[in-house]
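A look at the structure
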Amino acid sequence: MDKLIEVFQSIQHDSLEVPIWEVFTILAVTTICMIVRGSKTGLLITYMFALHIAFSFLKIHFSQVALFIFGIFGAMILLIGLYEALTED
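Residues numbered from 1 in each chain as written. Predicted model: local features only at pLDDT ≥ 70, side-chain atom pairs only at ≥ 80, totals over all residues. Heavy atoms only, no water.

**So, the overall build of the protein chain**
Threshold: Under the DSSP-based scheme used, a helix requires at least four consecutive residues in state H or I and a strand at least two consecutive residues in state E, with every element numbered from the N terminus. Throughout, the radius of gyration refers to the C-alpha atoms, and the reference size of a globule is 2.2 Å times the residue count to the power 0.38. Three exposure classes are used, based on accessible area relative to the maximum for each residue type with a 1.4 Å probe and protein chains only: buried under 20%, partly exposed in between, and exposed over 50%.
A count of helices and strands for the protein chain gives 4 helices and 0 strands. Starting at the N terminus and ending at the C terminus, the protein chain contains elements arranged as α-α-α-α. Whereas a compact globule of 89 residues would reach a radius of gyration of roughly 12 Å, the protein chain reaches 16 Å, over 25% beyond that. The burial tally for the protein chain puts 20% of its 89 residues in the buried class.

What follows is the structure in structure tokens.
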């Protein structure tokens, strides 16, 4: 329970620097996906960006084992999303 309180306090007080080129890249790619009506592709790319940012934040506060588990669950969700995107009805 103490670790959970520590994480909430970290979220409230810490900051995470995101390079401007990453922000512009994600905005450009998702804009292009919206223009060409590739909403599933845009959603998957945005998910990968959010996973990258979350991993950057969590590696400051968690052990390698917790990050590995986080990566496994993130990869599973990404694979499910890829499967759904590739098997449209």
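Having seen it, we continue.
**Considerations on a nonpolar patch on the surface**
What counts here: Think of a patch as exposed residues, more than 30% relative accessible area, with no salt bridge, where like charges cluster within 9 Å and nonpolar side chains (Val, Leu, Ile, Met, Phe, Trp, Tyr) cluster within 5 Å. Values of accessible area rely on a 1.4 Å probe in the Shrake-Rupley scheme; residue burial ignores everything except the protein chains shown. Criterion for a salt bridge: a side-chain nitrogen of Lys or Arg within 4 Å of a carboxyl oxygen of Asp or Glu.
On the surface, Val 65, Phe 68, Ile 69, Ile 72, Phe 73 and Met 76 cluster together to form a nonpolar patch covering roughly 610 Å² of accessible area. Relative to the assigned elements, Met 76 resides in helix α4 (residues 64-86).

**Re the environment of Leu 16**
We apply this condition: Whether two residues are in contact is decided by their heavy atoms, any of which lying within 4.5 Å being enough.
Positionally, Leu 16 belongs in the loop between α1 (2-13) and α2 (20-35). For the pair formed by Leu 16 and Arg 37, sequence separation is 21 residues and the distance between their alpha carbons is 32 Å. Excluding residues that lie within four positions of it along the chain, Leu 16 makes contacts with Ile 53, Ser 56 and Phe 57.

**A short note on the environment of Leu 4**
Inspection of the secondary structure assignment puts Leu 4 in helix α1. Separated by 23 residues in sequence, Leu 4 and Leu 27 place their C-alpha atoms 32 Å apart.

**Observations concerning α2**
The line we're drawing: Expected span of a helix: the number of residues minus one, times 1.5 Å.
The terminal C-alpha atoms of α2 lie 22 Å apart, and with 16 residues this matches the ideal 22 Å at 1.5 Å per residue to within 8%. Elements in contact with the buried residues of α2: α3 (39-61).

**Points about the packing of α3 against α4**
The test is simple: Only C-alpha atoms enter the line fits that serve as axes; for helices the fit covers just the stretch in contact. Angles between N-to-C directions range over 0 to 180 degrees. Here the angle decides the label: under 35 degrees means roughly parallel, over 145 means roughly antiparallel, 65 to 115 means roughly perpendicular, and every other value means oblique.
The N-to-C vectors of α3 and α4 enclose an angle of 180 degrees; their axes lie 10 Å apart at closest approach. The angle between α3 and α4 falls in the class roughly antiparallel. Contacts between α3 and α4 involve Lys 40, Leu 44, Tyr 47, Met 48, Leu 51, Ala 54, Phe 55, Leu 58 and Lys 59 from the first element and Leu 67, Phe 70, Phe 73, Gly 74, Ile 77, Leu 78, Gly 81, Leu 82, Glu 84 and Ala 85 from the second.

**A look at the packing of aromatic side chains**
Cut-off, in case you're wondering: Between rings of Phe, Tyr and Trp, where Trp is taken as its six-membered ring, a pair exists when centres lie within 6.5 Å; planes separated by under 30 degrees are stacked, by over 60 edge-to-face, and by other angles tilted.
Inspection of every chain in the model, using the stated rule, returns 1 aromatic pair. Relative to Phe 70, the ring of Phe 55 has its centre 6.5 Å away and its plane inclined at 20 degrees; by these criteria the two rings are stacked. You can see Phe 55 sitting in helix α3 and its partner Phe 70 sitting in helix α4, a full 15 residues away along the chain. Phe 55 gets classed as partly exposed once you look at its relative accessible area, which sits at 34%.

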